[in-house]
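Per-entry structural report
Read off the chains here:
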Amino acid sequence: NGELHFSYRENPTEIKHWDGNIYYPTIERGLIRTMEHFDYGTFSIEAKMPKGLNLCSAFWLSGYGNWPPEIDIFESWSDDKDYSWKTTNYFPWLTSSWRTTMNVHYNDKNLVHKHLGSKNVMKCNQPLDPIENWIKYEVEWLPNKITFKANEVITKTVGKKYANMLTQNIKNKENGYLMDVIIEINVDDPAIIKNRLDIPLKVRNFKYVPYYM
């Protein structure tokens, strides 16, 4: 039905990596990374978050050829009590929000990894349960501004200073400020942290609209 479902499973199978090394992973998980590389523009997808214990799912951009930069359009987290909303302190009041966050990672001028800090999608901006409903998550990545949205409502804006810091991390600028798109579900080693997947991450309608200067 035009949906892509991401899940994971325990996987003791031997895997030969591209570098020739042999690995014995404890899990295998769903992940897509684009072969196409993308310049400035608007990236969006509709998603239903996974349900279960100690899960992480993400829709993000990573620098082509080097990391950082990184733009997290969404990272969804569940704990050992299942995915749910949480209360977050946005001074000077308390407000409820979903365990779905946005963030920007970059290296500073001293090549030290920094990020702006994960910010939750507040329920006052997006009131629908993101497990039960399709939510459109979107970022507009421009040379001097980065804008995050959930169901067309702005949830975070990053100004010129940090937008410039992010693009300064990208190599091969003569080819454009290129980023790869990644969609994934992730869990920690089940031998260390208990996890359970009841409903997979579901996505549909990925769209990219280029920015023309």
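Residues numbered from 1 in each chain as written. Predicted model: local features only at pLDDT ≥ 70, side-chain atom pairs only at ≥ 80, totals over all residues. Heavy atoms only, no water.

Summing up its helical and strand segments, the chain has one helix and 20 strands in all. Relative to the compact-globule value of 17 Å for 213 residues, the chain shows a C-alpha radius of gyration of 18 Å, a close match. Each of the 213 residues in the chain was classed as buried or not, and the buried ones make up 45%. Expressed as a percentage of contacts within the chain between residues at least 6 apart in sequence, the contacts between residues at least 24 apart total 66%. Split by element, the accessible area of the chain, about 11700 Å² in all, is 51% carbon and sulfur. Computing the positive centroid from 26 side-chain charges and the negative centroid from 26, the chain places the two 6 Å apart. (Helix = DSSP H or I, 4+ residues; strand = E, 2+ residues; numbered from the N terminus. Rg over C-alpha atoms; globule rule 2.2 N^0.38 Å. Buried < 20%, exposed > 50% of the residue type's maximum accessible area, 1.4 Å probe, protein only. Contact = heavy atoms within 4.5 Å. Areas by Shrake-Rupley, 256 points an atom, 1.4 Å probe, with all protein chains shown as cover. Lys, Arg positive; Asp, Glu negative; His and termini not counted. Charge placed at Lys NZ, Arg CZ, Asp CG, Glu CD.)

Core analysis: the biggest nonpolar cluster contains 35 residues, and Phe-43, Ile-71, Trp-141 and Ile-146 have the highest contact counts within it. Not counting residues within four places of it along the chain, the set of residues in contact with Trp-141 comprises Phe-38, Asp-39, Tyr-40, Gly-41, Phe-43, Ile-71, Ile-146, Leu-166, Thr-167, Ile-170, Tyr-177 and Met-179. (Core = buried A, V, L, I, M, F, W, Y, C linked by side-chain atoms within 4.5 Å.)

What follows covers the pattern of salt bridges. All told, the structure shown has eight salt bridges when counted by the stated rule. Across the pair Arg-9 and Glu-28 runs a salt bridge, and its minimum N-O distance is 2.1 Å. Placement of the pair is Arg-9 in strand β2 (residues 8–10) and Glu-28 in strand β5 (residues 27–29), with a sequence separation of 19 residues. Between Lys-136 and Glu-152 there is a salt bridge, with the nearest N and O atoms lying 3.0 Å from each other. Of this pair, Lys-136 sits in strand β15 (residues 135–142) while Glu-152 sits in the loop between β16 (145–150) and β17 (153–158); the two residues are 16 residues apart in sequence, bridging distant segments of the chain. Judged by its relative accessible area of 25%, Lys-136 is partly exposed. Linked by salt bridges that have partners in common, Lys-136, Glu-138 and Glu-152 make up one network. (Salt bridge = Lys/Arg side-chain N within 4 Å of Asp/Glu carboxyl O.)

Scanning the model with the defined rule gives 11 aromatic pairs in all. Ring centres of Phe-38 and Tyr-208 lie 4.8 Å apart, and the angle between their planes is 70°; on these two criteria the pair is classed as edge-to-face. Remark: Tyr-208 occurs in strand β20 (residues 201–210) and Phe-38 occurs in the loop between β6 (31–33) and β7 (41–48); sequence separation between them is 170 residues. Since its relative accessible area comes to 9%, Phe-38 is described here as buried. By the ring-pair criterion, three or more aromatic residues cluster together here, those being Phe-38, Phe-43, Phe-59, Phe-74, Tyr-137, Phe-206 and Tyr-208. Lying over the aromatic face of Trp-98, Lys-123 brings its terminal NZ or CZ to 4.9 Å of the ring centre. The ring of Trp-134 has Arg-204 lying over it, and the distance from NZ or CZ to the ring centre is 4.1 Å. (Phe/Tyr/Trp six-rings, centres within 6.5 Å; stacked < 30°, edge-to-face > 60°. Lys NZ or Arg CZ within 6 Å of the ring centre and 35° of its normal.)

With an omega of -15°, the peptide bond between Trp-67 and Pro-68 qualifies as cis. Counting through the fold element by element, Pro-68 comes out in the loop between β9 (56–63) and β10 (70–77). In the Ramachandran plot, Glu-152 falls in the positive-phi region, its phi being about 75° despite a non-glycine side chain. Even without a glycine there, the phi angle at Asn-205 is positive, about 55°. Tracing the chain through its elements places Asn-205 in strand β20.

So, on to the sheet that holds β16. The antiparallel open sheet is built from six strands, whose spatial order is β1-β20-β7-β15-β16-β17. A single partner strand is all that each edge strand has here, and the edge strands are β1 (4–6) and β17. Pairs of neighbouring strands in the sheet enclose a mean axial angle of 25°, with direction left out of account. Sheet topology note: the β15/β16 ladder contains six bridges and is antiparallel. (Pairing = 2+ DSSP bridges. Axes fitted to C-alpha atoms, helices over the stretch in contact; angles between N-to-C directions.)

The subject of this paragraph is the side chain of His-105. Counting through the fold element by element, His-105 comes out in strand β12 (residues 93–107). Of the residues examined, His-105 reaches a relative accessible area of 11% and is grouped as buried. Among the polar contacts listed, one links the side chain of His-105 to the side chain of Asp-72, at a separation of 3.4 Å. Setting aside anything within four residues of it in sequence, one finds His-105 in contact with Trp-67, Pro-68, Pro-69, Glu-70, Asp-72, His-113, Lys-114, His-115 and Leu-166. (Polar contact = N/O pair within 3.5 Å; in protein donor to acceptor, adjacent residues only side chain to side chain.)

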